[in-house]
Amino acid sequence: MSSDLEVSALAINVTIPEALRWTDTRRDVEFQLTTVTIRLLPDGHLAAKAYGRPVAGGRGGYVSFPVPDEPELAALIAEAAGRAGTLWSAHRGLG
């Protein structure tokens, strides 16, 4: 393969530890955010969106929420990205 191979997406999903979870509201529905999707952007920076379930139960739509600017969440995202890089670099090919 050549170095001009285009990789269009690098994304991981991370479970947010209980102590770091938060709630947010969309369309009058309160959600508890339980996962973060982290993408590696072409310039090497990270982007993150949070997802969760309605607090009242039931199925909510797949709606993204911004991740609050909190040091603990930034550390979680950075650590998860580093861990994903380690796992990807150690891959053993197709099963």
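Preceding this paragraph is the structure being described.
I will try to describe carefully the structure that is included in this document.

About the cut-offs
- Residues numbered from 1 in each chain as written.
- Predicted model: local features only at pLDDT ≥ 70, side-chain atom pairs only at ≥ 80, totals over all residues.
- Heavy atoms only, no water.
- Helix = DSSP H or I, 4+ residues; strand = E, 2+ residues; numbered from the N terminus.
- Salt bridge = Lys/Arg side-chain N within 4 Å of Asp/Glu carboxyl O.
- Buried < 20%, exposed > 50% of the residue type's maximum accessible area, 1.4 Å probe, protein only.

1. Structural notes on unusual backbone geometry
The phi dihedral of R27 is positive, around 50°, even though this residue is not glycine. Phi is positive for D28, which is not a glycine, with a value near 65°. Mapping D28 onto the fold places it in the loop between β2 (22-26) and β3 (29-40).

2. What to know about the pattern of salt bridges
Scanning the model with the defined rule gives 1 salt bridge in all. Among the salt bridges present, the one from E18 reaches R21, with a minimum N-O distance of 3.0 Å. On the basis of relative accessible area, E18 is assigned to the exposed category, the value being 58%. Given a relative accessible area of 22%, R21 falls into the partly exposed group.

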